[in-house]
Amino acid sequence: IIARTLENSDKQFTAKCKVTVSGTISSDNDIIEAEDYNVQSGIDVENCSEGGRDVAYIENGDYIGFEDVNFGRGAESIRFRIASYSGGGTIEVRLGSESGTLIGSMDVSGTSGWQNWATQKCTIRKTTGVNDVYFIFKGESGYLYNLNWFAIDYPYENDNLSGDCNLDGFVNIT
């Protein structure tokens, strides 16, 4: 970061600098609690050892859906906070409805307990904008796993600004 204190005599200058930030947004502020679903079938909720509640008693064919989830300029993964006694089963990620377009699927790994939480990452087909997203739970008979939260990992690139940041008359940040 370049900083300069401007004096009254500097009022004719406007400094515009380009700062490019790129990477993947994965802020805790982007976490969506699983129990905040808009639609569900078959699941229940329970108290969570990490605080709050989690989606539990998940069985084959159950699902939860969320309206207006932001995938940014092109998300290619979703993180899930999962607890599973022995593992097994999958999570399908679909857009629009529980039978909508399949954009990803993830095998769930065991965490050795229904409240032993681990973050697991699901690769999805590049998806942009705001979408309704559904998580379809698949597996053998019996309870599969618990879900505390999920987060869409979307890339971030800011708008480009360029300019003469040190006021020497040349564009030095592009």
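Residues numbered from 1 in each chain as written. Predicted model: local features only at pLDDT ≥ 70, side-chain atom pairs only at ≥ 80, totals over all residues. Heavy atoms only, no water.

## Considerations on the pairing of strand 6 (residues 63-70)
Definition in use: Paired strands, as defined in this entry, are two strands with at least two bridges between them according to DSSP. Segments assigned H or I by DSSP are reported as helices when at least four residues long, segments assigned E as strands when at least two residues long, and all are numbered from the N terminus.
As paired strands, strand 3 (residues 39-41) and strand 6 are joined by three bridges and run antiparallel to one another. Bridge pairing links Val-39 to Gly-65 in strand 6. When strand 6 meets strand 11 (residues 130-138), the two strands line up antiparallel, connected through six bridges. When the bridges of strand 11 are listed, Phe-66 appears paired with Val-133.

## A look at the pattern of salt bridges
Note the threshold: Salt-bridge detection follows one rule: a side-chain nitrogen of Lys or Arg within 4 Å of a carboxyl oxygen of Asp or Glu. Burial classes: relative accessible area under 20% of the type maximum marks a residue as buried, over 50% as exposed, and values in between as partly exposed (1.4 Å probe, protein chains only).
Across all of its chains, the model carries three salt bridges by this definition. For Arg-81, the salt bridge goes to Glu-50, with nearest N and O atoms at 2.6 Å. Remark: Glu-50 occurs in the loop between strand 4 (44-47) and strand 5 (53-56) and Arg-81 occurs in strand 7 (residues 75-83); sequence separation between them is 31 residues. In this structure Glu-50 comes out as partly exposed when scored by relative accessible area, which is 39%.

## Re a nonpolar patch on the surface
Applied cut-off: Residues enter patches when their relative accessible area tops 30% and they take part in no salt bridge; the joining distance is 9 Å for like charges and 5 Å for the nonpolar side chains Val, Leu, Ile, Met, Phe, Trp and Tyr. For the area figures, the Shrake-Rupley method with a 1.4 Å probe applies, and any residue is considered shielded solely by the protein chains shown.
Nonpolar side chains collect at one region of the surface, where Tyr-57, Tyr-85, Trp-114 and Tyr-143 lie side by side and expose about 460 Å² of accessible area between them. The exposure class assigned to Tyr-143 is partly exposed, which follows from its relative accessible area of 48%.

## Describing the side chain of Asp-54
How we decide: In this tally, Lys and Arg are treated as positive and Asp and Glu as negative; His is ignored, and so are the chain termini. In protein, a polar contact means a hydrogen-donor-capable atom and an acceptor-capable atom, both N or O and within 3.5 Å, with residues adjacent in sequence counting only if both atoms are side-chain atoms; elsewhere, any N or O pair within 3.5 Å suffices. Any two residues whose heavy atoms approach within 4.5 Å at even a single point are treated as in contact.
Within the secondary structure layout, Asp-54 lies in strand 5. Among buried charged residues, Asp-54 stands out as having no salt bridge; its nearest opposite-charge side chain is Arg-53, 7.8 Å away. Reaching out from Asp-54, the side chain makes a polar contact with the side chain of Gln-115 at a distance of 3.3 Å. Apart from residues lying up to four places away in sequence, Asp-54 is in contact with Glu-35, Asp-44, Val-45, Glu-46, Asn-47, Cys-48, Gln-115, Trp-117, Asn-146, Leu-147 and Asn-148.

## Quick look at the pairing of strand 4
Bridge analysis of strand 4 against strand 5 gives four bridges, and the strand direction is antiparallel. Counted as the bridge partner of Asp-44 is Ala-56 from strand 5. The turn joining strand 4 and strand 5, which pair antiparallel and follow one another in sequence, is formed by five residues; a positive phi near 100 degrees is taken by Gly-51.

## Examining the packing of aromatic side chains
Put simply, the rule is: The aromatic pairing rule takes the rings of Phe, Tyr and Trp, using the six-membered ring of Trp, and pairs them if the centres are within 6.5 Å, calling planes under 30 degrees apart stacked, those over 60 edge-to-face and the rest tilted.
Counting across every chain of the model gives nine aromatic pairs. An angle of 75 degrees between the planes, with centres 5.3 Å apart, marks the rings of Tyr-57 and Tyr-143 as edge-to-face. A residue pair is termed long-range when its members are at least 10 positions apart, and Tyr-57 in the loop between strand 5 and strand 6 and Tyr-143 in the loop between strand 11 and strand 12 (146-157) qualify at 86 residues. Here Phe-80 and Phe-150 contribute two aromatic rings whose centre-to-centre distance is 6.5 Å and whose plane-to-plane angle is 40 degrees, an arrangement assigned as tilted. Of this pair, Phe-80 sits in strand 7 while Phe-150 sits in strand 12, and the two are 70 residues apart along the sequence. Per residue, the accessibility class of Phe-80 equals that of Phe-150, and both read buried.

## Let's talk about the environment of Gly-61
When you line up the elements, Gly-61 lands in the loop between strand 5 and strand 6. Overall, the relative accessible area of 40% leaves Gly-61 in the partly exposed class. The spacing of Gly-61 and Gly-42 is 19 residues in sequence and 8.0 Å in space, taken between C-alpha atoms.

## Examining the side chain of Thr-111
Note on placement: Thr-111 falls in the loop between strand 9 (101-107) and strand 10 (118-127). Among the residues examined, Thr-111 registers a relative accessible area of 13% and is labelled buried. Looking at Thr-111, its side chain comes within polar contact range of the main-chain oxygen of Gly-113, at 3.1 Å. A distance of 2.6 Å separates a polar side-chain atom of Thr-111 from the backbone oxygen of Asn-116. Residues in contact with Thr-111, not counting those within four places in the same chain, are Ile-82, Ala-83, Ser-84, Asn-116, Ala-118 and Gln-120.

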